[in-house]
Amino acid sequence: MTTKREMTAETQTKALQAKASSVDVDGLINAASLDWAGPSALAKITARCREMPQTCRKNYVKAMKGKGLRASIKAFCMECVGWERLAVTECTAPACPLYPVRPFQTK
Ligand code: SF4
């Protein structure tokens, strides 16, 4: 059974994590200087970045700079399979145009 004090600590931890996550996304987006993106695009990019696992955000922002095709392919594949690296390795869609160049291939 969870005590009220434990719940408060848990709630505070979640709030701090959410705040840290938000700061992390804003910092990443600001540091990237996505000059091509207007306010509407920046809002969409920021929202999308917040929805993905923290471990995928840096690569996604790199892709959104438009200067790394590998990053773009990796970001697309990771999103395609729900952010599971192994699922990209074991992708079952050989007809996909990205299949031959997808990341995390074992051979
Ligand atoms: S290669 Fe596989 S994981 Fe990558 S985009 Fe295509 S279907 Fe998705």
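Model, not experiment: these values are computed from the prediction.

S.K.: Which residues make up the site of the ligand, and what are the values?
M.R.: Near the ligand you find Phe 76, Cys 77, Cys 80, Val 81, Val 88, Cys 91, Ala 93, Cys 96, Leu 98, Tyr 99 and Arg 102, and these make up its full shell. It is helix α4 (residues 69-80) that provides the largest number of residues to the shell around the ligand, a total of 3 residues. Its residues placed into classes, the shell around the ligand shows 10 nonpolar, no polar and 1 charged.

S.K.: Provide a residue-level description of the packing of helix α3 (residues 54-64) against α4, including the pertinent values.
M.R.: In the contact formed by α3 and α4, the axes pass within 8 Å of each other and the chain directions differ by 130 degrees. Classified by the angle their axes make, α3 and α4 are oblique. The two elements α3 and α4 cross, and the hand of that crossing is left-handed. Of α4, the residues touching α3 (which contributes Cys 56, Asn 59, Tyr 60, Lys 62 and Ala 63) are Ala 71, Ser 72, Lys 74, Ala 75 and Met 78.

S.K.: Describe the nonpolar core, and please don't skip the residues or the numbers.
M.R.: Formed by Val 25, Ile 29, Cys 49, Tyr 60, Val 61, Met 64, Ala 75, Cys 77, Met 78 and Val 88, the largest nonpolar core amounts to 10 residues. Broken down by secondary-structure element, the contributors of at least two residues to this core are α1 (4-32), α3 and α4. Looking at this core, you find at least three residues from each of domain 1 (1-52) and domain 2 (68-107).

Rules of the game
- Residues numbered from 1 in each chain as written.
- Predicted model: local features only at pLDDT ≥ 70, side-chain atom pairs only at ≥ 80, totals over all residues.
- Near = placed C-beta within 6 Å.
- Helix = DSSP H or I, 4+ residues; strand = E, 2+ residues; numbered from the N terminus.
- Nonpolar A, V, L, I, M, F, W, Y, C, P; charged D, E, K, R; others polar.
- Axes fitted to C-alpha atoms, helices over the stretch in contact; angles between N-to-C directions.
- Parallel < 35°, antiparallel > 145°, perpendicular 65-115°, else oblique.
- Left-handed = near helix turned anticlockwise from the far one by under 90°.
- Contact = placed C-beta atoms within 7 Å.
- Core = buried A, V, L, I, M, F, W, Y, C linked by C-beta atoms within 7 Å.
- Buried ≥ 20, exposed ≤ 12 C-beta atoms within 10 Å, placed from the backbone.
- Domains from an automatic or database assignment.

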